[in-house]
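# Observations on chain architecture
So you can see what is in the structure, the chains are spelled out below.
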Amino acid sequence: MLGDELVRSLHECGSRGLLPDLTLVIAVHDATAAARLAARDGTASDAIGGRDGAYHASVNAAFVQFAQSEPERFAVIDGEGTVEQVHSRILAALEPLFEADPRS
């Protein structure tokens, strides 16, 4: 694994410091993530989806930590529930971006 600091350094170099206005972190329990990956991929996963649960849990933990250290740039979305429920939470997190005056 590359590690958070190396990933941040690579991002800084590649994007010249450009960051998204908001990063959404969709948080789910490990069992939910595993069930969704299995439902999506069946027996044929891609290179990332096919990694074990510990990998996905560590990536999720890293993003949750990023969100805690920079709450103004991240929104943690409760990913449990139906597609419609999660979609509604995502739209609620994005709404302030659409209401903002771009001139300010």
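These remarks concern the structure in this document. (Residues numbered from 1 in each chain as written. Predicted model: local features only at pLDDT ≥ 70, side-chain atom pairs only at ≥ 80, totals over all residues. Heavy atoms only, no water.)

With that out of the way, let us pick up the pattern of salt bridges. Considering all chains together, one arrives at one salt bridge under this definition. When the shortest N-O distance is used, the salt bridge between Glu-70 and Arg-73 registers 2.8 Å. In this pair, the class of Glu-70 matches that of Arg-73, namely buried. (Salt bridge = Lys/Arg side-chain N within 4 Å of Asp/Glu carboxyl O. Buried < 20%, exposed > 50% of the residue type's maximum accessible area, 1.4 Å probe, protein only.)

Applying the stated criterion across every chain, the model contains two aromatic pairs. Ring centres of Phe-63 and Phe-66 lie 5.6 Å apart, and the angle between their planes is 80 degrees; on these two criteria the pair is classed as edge-to-face. Here Phe-63 pairs with Phe-66, and both are found in helix H3 (residues 53-69), just three residues apart, close to one helical turn. Ring centres of Phe-66 and Phe-74 lie 6.5 Å apart, and the angle between their planes is 35 degrees; this geometry places the pair in the tilted category. Of the two residues, Phe-66 and Phe-74, both sit in the buried class. Pairwise contacts between aromatic rings join Phe-63, Phe-66 and Phe-74 into one cluster. (Phe/Tyr/Trp six-rings, centres within 6.5 Å; stacked < 30°, edge-to-face > 60°. Helix = DSSP H or I, 4+ residues; strand = E, 2+ residues; numbered from the N terminus.)

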